[in-house]
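Structural characterization, general
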Amino acid sequence: MNQSFTHAPVLEKEVMQLLAPMSDETLLDVTLGLGGHAKRFLEMTAPNGKLFALDADSKNLEQAHEVLLDFDNRMELRHLNFGQITDLEFPPLDILFADLGLSSPHLDDPERGFSFRTDAPLDMRFDRTSGITASQLIKTSDEDALTKIFRGFGELYPQAKRLAKTLAGSDVLTTFHLKAIVEQTFGFKAKSLMPQVFQALRIAVNDELRSLQELLRVGPTLLAIGGRMGVISFHSLEDRMVKHTFRSLTTPVKDDITGKVAIAAPFELLTHKSVMPSDEEIERNPRARSAKFRVIRKVS
Ligand SMILES: C[S@@+](CC[C@H](N)C(=O)[O-])C[C@H]1O[C@@H](n2cnc3c(N)ncnc32)[C@H](O)[C@@H]1O
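My aim in this report is to walk through the structure given alongside it, one point at a time.

**Comments concerning the sheet that holds strand β8 (residues 267–269)**
Here we have 7 strands laid out as an open sheet, ordered β3-β2-β1-β4-β5-β9-β8, and mixed in their pairing. Two strands bound the open sheet, and with one partner strand each, they are β3 (75–79) and β8. Direction aside, the axes of adjacent strands within the sheet are offset by 15 degrees on average. In the sheet, β8 pairs with strand β9 (residues 292–298) via 3 bridges, with the strands oriented antiparallel. Across the sheet, the residue bridging to glutamate 268 is arginine 297, located in β9.

Pasting the structure below:
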């Protein structure tokens, strides 16, 4: 494996403490990435624990497979977007884990077009076998659609419309071409806006919020009694979706008149506030800085 692609799994200690994998448990990691968390899961569920894992990116799956070769007889890897989780069948799960968004190679690999730091075709797809690239999205979107993307996914409120107007329907073939347009449009402010512009397009290209919605709808139903579901998110919209879903699954139904619990909640919250990386982790791995981790457990 290319050593520049090795990386520290985000919130590793906290994930292992809260999800607490035990011998022989069954797990599903829907964002395998380079297998960092998965390797720890497999170690902690020895000798007979079973890992199912998905990734939308076939290159990451291949690399993770190499990292996890020692556990080959205890894992099943699939090239699939977790937005299609209903297409698969699993035994009742003890752990379901998601570590959303990009992996390090997406940013480090100059061919993928996720980073404004290297010139590359403006692609941004996790799965390069399907869907449209960021370049095609810009070419085929009108001003309103792009404004929504920059506002909704990039939180670019005053700037979204102006940028959308400049870009809509145009041919922007490379990351540096997009970067130059953002610079021409916003002058000295461009540098601070660049991450949001790229993030917004990436989320739109990969339809990330719709996949997450599906995962949050189906994931909890796949858990065994006692099973834990944990999600690490890096974007406030994603965290809000996780927080609201987990809150509604862990809120009992109360009797309108007596105020007593009429139907107990089927899940309990293991993280009352989101868990965030320590200063020390952020210093070691600046990409972890916006991570938020939330966990529920199925009780009935
Ligand atoms: C942050 S990385 C995961 C890192 C992993 N936990 C590790 O320790 O190596 C996120 C991974 O999820 C994948 N991914 C993102 N969205 C996905 C989706 N909707 N379905 C499947 N995989 C997805 C990306 O391709 C990437 O490899």
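**A few points about the nonpolar core**
In terms of nonpolar packing, the biggest core is built from 31 residues, with Phe150, Leu167 and Leu178 touching the most fellow members. Broken down by secondary-structure element, the contributors of at least two residues to this core are α5 (134–140), α6 (143–154), α7 (160–167), α8 (175–186) and α9 (190–205). Looking at which element gives the most residues to this core, the answer is α9, with 9 residues. Excluding anything up to four places from it in sequence, phenylalanine 150 contacts Glu155, Leu156, Ala160, Leu163, Ala164, Leu167, Val197, Ala200 and Leu201. Grouped together as the second largest cluster of nonpolar side chains are 26 residues, Phe90, Leu223, Met229 and Leu249 included.

**Remarks on the site of the ligand**
Around the ligand lies a shell of 25 residues, among which His37, Asp55, Asn60, Phe82 and Asp99 are the nearest. At 3.2 Å from an oxygen atom of the ligand is found a main-chain nitrogen or oxygen belonging to glycine 35. Contact between the ligand and alanine 56: a nitrogen atom at 3.0 Å from a main-chain N or O atom of the residue. Coverage of the ligand by the protein chains reaches 97% of its 610 Å² of free accessible surface. Of the residues that constitute the shell around the ligand, the class distribution is 10 nonpolar, 12 polar and 3 charged.

**Some details on the side chain of threonine 45**
As for its position among the elements, threonine 45 is in the loop between α2 (36–44) and β2 (50–55). A polar contact of 2.8 Å, which involves the side chain of threonine 45, links it to the backbone oxygen of phenylalanine 41. Among the polar contacts made by the side chain of threonine 45, one reaches the side chain of arginine 74 at a distance of 3.4 Å. The contacts of threonine 45, once residues within four sequence positions are left out, are Pro21, Met22, Ser23, Asp24, Glu25, Leu27 and Arg74.

**A word on the environment of methionine 22**
Along the chain, methionine 22 falls in the loop between α1 (12–19) and β1 (26–29). For the pair methionine 22 and glycine 101, spaced 79 residues apart in sequence, the C-alpha to C-alpha distance is 27 Å. Leave out the neighbours within four places in its chain, and methionine 22 touches Met44, Thr45 and Arg228.

Here is what the cut-offs are and how they apply
Each chain carries its own residue numbering, running from 1 in the direction its sequence is written. It should be noted that, the model being predicted, local features are given only for residues of pLDDT at least 70 and side-chain atom pairs only at 80 or more, the latter also being counted only at that level, while totals for whole chains, interfaces and linings use all residues. Just so you know, side-chain values use all the structure's heavy atoms and leave hydrogens and water out. Note: two strands are recorded as paired if DSSP finds a minimum of 2 bridges between them. Working definition: helices are DSSP H or I runs of at least four residues, strands are E runs of at least two. Numbering for both runs from the N terminus. Throughout, an axis means a line fitted to C-alpha atoms (over the contacting stretch in the case of helices), and angles, computed between N-to-C directions, take values from 0 to 180 degrees. Here the nonpolar core consists of buried residues drawn from Ala, Val, Leu, Ile, Met, Phe, Trp, Tyr and Cys, with membership extended through side-chain atoms lying within 4.5 Å. Under the scheme applied here, a residue whose accessible area is under 20% of the maximum for its type counts as buried, over 50% as exposed, and between as partly exposed, the area being computed with a 1.4 Å probe on protein chains only. In what follows, residue pairs with any heavy atoms lying within 4.5 Å of each other are defined as contacts. Nearness here has a simple test: a residue counts as near a molecule or strand if at least one of its heavy atoms is within 4 Å of that partner. Nitrogen and oxygen atoms within 3.5 Å of one another constitute a polar contact, given that in protein one can donate a hydrogen and the other can accept it, and given that sequence-neighbouring residues count only through two side-chain atoms. Throughout, the Shrake-Rupley method with a 1.4 Å probe supplies accessible areas, and for residues the shown protein chains are the sole cover considered. Under the grouping applied here, Gly and all other residues not named as nonpolar or charged are polar, the nonpolar ones being Ala, Val, Leu, Ile, Met, Phe, Trp, Tyr, Cys and Pro and the charged ones Asp, Glu, Lys and Arg.

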